[in-house]
Every structure is written in structure tokens, then in C-alpha cells.
Amino acid sequence: MDIQDNLGHVFSSRFKIHSYTPDMSDIDPRLMERLFPSPFSTPTHATPLSHPYSSSSLSHPFPLRPHMMGGGAAATAPPPPSGNKMLKGIIAGGITGGIEICITYPTEYVKTQLQLDEKVGKYKGIVDCSRQTVAEHGVRGLYRGLPVLLYGSIPKSAVRFGAFEQFKKHAVDEKGNLSPGARLLCGLGAGVSEAILAVTPMETIKVKFISDQRSANPQFKGFFHGVRTIIAKEGIAGTYKGITPTIMKQGSNQAIRFYVIETLKDWYREGDPTKKVPKLLVGLFGGIAGAASVLGNTPLDVVKTRMQSLDAARYKNTFDCAKQIMVNEGPRAFYKGTMPRMSRVCLDVAITFMIYDSFMEYFNKVWP
């Protein structure tokens, strides 16, 4: 035995140091299961975990901190919002707008004609207006001005749904749901956006086209000729006549519609944003939303239409227009064209949301 071995023997016997080899049976099996879970065991996030300081959690080898409660964040957190949501909304909305207006334009034409009719007018109602139009211009007369509205409907719908998806992305809670106030504000933002960027210029041109057809000597030979004539005569500002009532109308329109339909969808889903709503039910909800918006803002629509007509120069501003209608025609004039507008809007909104939801569903499958 050399000196080193002798010293080691003396030191160990002096201080009685013993080596210890751990036995696997001494290790807490719960700790091993926590560190190395079995593929056949029940995941820990399958059931909600208790509070870290409750009696049931004191024996747990690794109590969770408060921010880790609720069965595991990764298990319950909704998927992050897609960066393509707004772009999908713009494309789906544009396609939807083009299809929808081709279906519903005749009712829009009759509504506008009745709203332009003065106190002693030539039309007695919806049927009489349609009959006289067909007698004078044929069935195609009900589609006069369609290209104007088609050119406007595509960007209008694209801006509306794109803006709503963008606002919604920033307003949803951790589960992906919108609060009632957020539904209203997102719809309002979508309506104001479409009013400024698309609706006002295109609606002004549309109303001027329909007004021109009513005159004895129509001056517009086509869409582009009409636009050139309006701009040459009134400037770009001529296409933004009635922007104030348009913003008020579109803002209230979309606030009401999106609030109603999102509320009805949430009621059907019972708080689960991943639950699909049948398309026919979406159409029904859309019709209800459309009816609510008509009852809420038809007076604004009448004022807007008058401000965008060829006779708009007779009004000093939006409020003067409303005053003159009240004084000269009475309060009932504010609800002229309500029934044709109701029939058009209910069908319009029902079709719009059904088509839009279908395209968004398709885009989400092929375009993650």
C-alpha cells in the first residue's frame, strides 16, 4: 500500500465517510412521471389544475404559478390571428359585392326612383314605378345604372369586410370572441371606411345617372361619359356630394348589421368561435340584421339620396336638406322607399353574408 492509499484509508476511517448509491425505488414516482411522462398516461392538461396554493396542490412536486393556470396555456389558447385575414376579407368581400348587386339591383333602382319623387310625383308605389319603367324602357330599364353600381359595389364590399376583419383582429378577446361594444365599434369603423373610400363617389354618380334618366333630355351617354361630364362640370368634389349623410348612413348601417349578425352568431355558437354556423342560418341572421338597419336609418338614406341628385344645388347642406324635406313634404317623406328598400336590403344582406362566409371558409382551407 503506497502513501496515497494509506492516507485515504486513514481519512475515511477517521471521519467515517461512506459512499451512497441511490436506489431507483427511493425516487418519487410522481417526479419521474412529471419529468418523463409516459405516452400512455393521461396528459396533465386534460383536467384543470388547482390553484398553486390550494391543499390539493401542496403535494405537487412543481406547483404552477398563477399565469400557468387553466390546464396549460398551450392547450386552451386560441390560434394566433392570421396575418392574411384582412386580405382574405378584401378579396372575399369584393367577389361577394359583385355577385350580390347583380341579383338585387332592380329593387335598388325602384327605391331610388321613389326617393327622388317629389310630393306630387308620377309614381303611386313600388308596383306602379316598376310598371311604368318597364313600359317606357323595357325590362332592361330596371337595370339602368347597373354598371355604375357594379363598379362601386365591388370596392365598397371589399373595403367594408377588409376593414371589419382588421378591426376585429385587434378587438377579439383571448377566446376569439367580440364583446357587444366591440361588435358595434368594428361595424361602425367598417361603415365609415367604406363611406369615405368607396360609397360616396360611386353612390353620387349612381344617383346622378338615375336622375339623368328621369329628365326629358338625358345628357349621359354612358358610364365614363357621365363621369367625365360630372367632373368637368363640378370637379372631383362633385363626386363627394352628401359625404356627411353618407358617413352617418354607412356607419350606422354597418354598426347595426355587424352588431346584430355577430350577436346572433355568438348566440348560436354558445361562445365557441370555432363552431360553424349553417349557411341558411347565416342568411336568416343576415336578413334580420338588414331589416334592423333599414328601420334604423332610412331617414338618413333619403337625405343622402336628395343631396346626391342633380338638384342637390338647391340645398345649402345636409341639415338644410332635411329641413326642407320636413317643411315641404312632411315627416312621412323621410320614409319614402322604405318597403322597396326593406325588400332589397334584407335579401342583399342575407345573400352577402352567406356568400362571404362561404368564400372565407374556402380561403381558410386553401390559404392558411
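Just so it is clear, the model here is predicted, and its values are computed rather than measured.

S.K.: Help me out: how do you make sense of the overall build of the chain in this one?
M.R.: Along its length, the chain carries twelve helices and zero strands. The buried share among the 368 residues of the chain stands at 40%. Taking contacts inside the chain between residues at least 6 apart in sequence as the whole, the part at least 24 apart equals 73%. Surface summary for the chain: the accessible area is close to 20,500 Å², and the carbon and sulfur share equals 64%.

S.K.: Explain unusual backbone geometry here, please?
M.R.: Leaving glycine aside, a negative phi is the common case for residues, and trans is the common case for peptide bonds. The phi torsion at glutamate 270 lies on the positive side, around 60°, for a residue other than glycine. Relative to the elements of secondary structure, glutamate 270 occurs in the loop between helix 9 (243-269) and helix 10 (279-307).

S.K.: Please explain the packing of helix 4 (residues 85-116) against helix 10 as it appears in this structure.
M.R.: Two packed helices can be described by the angle between their axes and the distance between those axes. Direction vectors running N to C along helix 4 and helix 10 enclose 75°, while the axes themselves pass 10 Å from each other. With respect to each other, helix 4 and helix 10 are oriented roughly perpendicular. Touching Lys111, Thr112, Gln115 and Leu116 of helix 4 are Asp301, Val302, Thr305 and Arg306, all from helix 10. Looking at the contact of helix 4 with helix 10 residue by residue, the classes come out as two nonpolar, three polar and three charged.

S.K.: Is there a simple way to think about helix 8 (residues 223-234) in this case?
M.R.: Count 3.6 residues to each turn of an α-helix, and residues three or four apart come out pointing the same way. Compared with the 16 Å implied by 1.5 Å per residue over twelve residues, the 16 Å span of helix 8 between its first and last C-alpha is a close match. For helix 8, the full list of buried residues reads Phe223, Gly226, Val227 and Ile230. Take helix 8 and look down its axis: the buried residues cluster within an arc of 100°, on one side only. Away from its buried face, by an angle of more than 90 degrees, helix 8 presents the exposed residues Phe224, Arg228, Ala232 and Lys233. The inward-facing, buried residues of helix 8 abut helix 6 (146-171) and helix 7 (180-214).

S.K.: Would you mind going over the packing of helix 10 against helix 12 (residues 338-366) with me for this structure?
M.R.: Here helix 10 crosses helix 12 at 140°, and the two axes come no closer than 7 Å. Comparing the axis directions of helix 10 and helix 12 gives the class oblique. The handedness of the crossing between helix 10 and helix 12 is right-handed. Tallied by class, the residues present in the contact of helix 10 with helix 12 amount to twelve nonpolar, nine polar and five charged.

S.K.: So what exactly am I meant to see when it comes to the environment of serine 157 here?
M.R.: With respect to the element layout, serine 157 can be found in helix 6. In this structure serine 157 comes out as buried when scored by relative accessible area, which is 3%. Separated by 68 residues in the primary sequence, serine 157 and glycine 89 place their C-alpha atoms 9.2 Å from one another. When near neighbours in sequence (up to four residues on either side) are disregarded, serine 157 contacts Gly93, Gly94, Thr96 and Gly97.

S.K.: Please explain the pattern of salt bridges as it appears in this structure.
M.R.: Pairing is possible between side chains of opposite charge, provided their charged atoms come close. The tally for this structure, following the rule as stated, stands at seven salt bridges. A salt bridge links aspartate 128 to arginine 131; its shortest N-O distance comes to 2.6 Å. Linking aspartate 128 with arginine 131, this pair stays in helix 5 (residues 126-137), spanning three residues, or about one helical turn. The exposure class of aspartate 128 is buried, given its relative accessible area of 12%. Owing to a relative accessible area of 51%, arginine 131 belongs among the exposed residues under this scheme. A salt bridge links aspartate 266 to arginine 183, with the shortest nitrogen-to-oxygen separation between them at 3.4 Å. A residue pair is termed long-range when its members are at least 10 positions apart, and aspartate 266 in helix 9 and arginine 183 in helix 7 qualify at 83 residues. Residue classification places arginine 183 among the buried residues on the basis of a relative accessible area of 7%.

Thresholds applied
- Residues numbered from 1 in each chain as written.
- Predicted model: local features only at pLDDT ≥ 70, side-chain atom pairs only at ≥ 80, totals over all residues.
- Heavy atoms only, no water.
- Helix = DSSP H or I, 4+ residues; strand = E, 2+ residues; numbered from the N terminus.
- Buried < 20%, exposed > 50% of the residue type's maximum accessible area, 1.4 Å probe, protein only.
- Contact = heavy atoms within 4.5 Å.
- Areas by Shrake-Rupley, 256 points an atom, 1.4 Å probe, with all protein chains shown as cover.
- Axes fitted to C-alpha atoms, helices over the stretch in contact; angles between N-to-C directions.
- Parallel < 35°, antiparallel > 145°, perpendicular 65-115°, else oblique.
- Nonpolar A, V, L, I, M, F, W, Y, C, P; charged D, E, K, R; others polar.
- Expected span 1.5 Å × (residues − 1).
- Arc of directions from axis to C-beta.
- Left-handed = near helix turned anticlockwise from the far one by under 90°.
- Salt bridge = Lys/Arg side-chain N within 4 Å of Asp/Glu carboxyl O.

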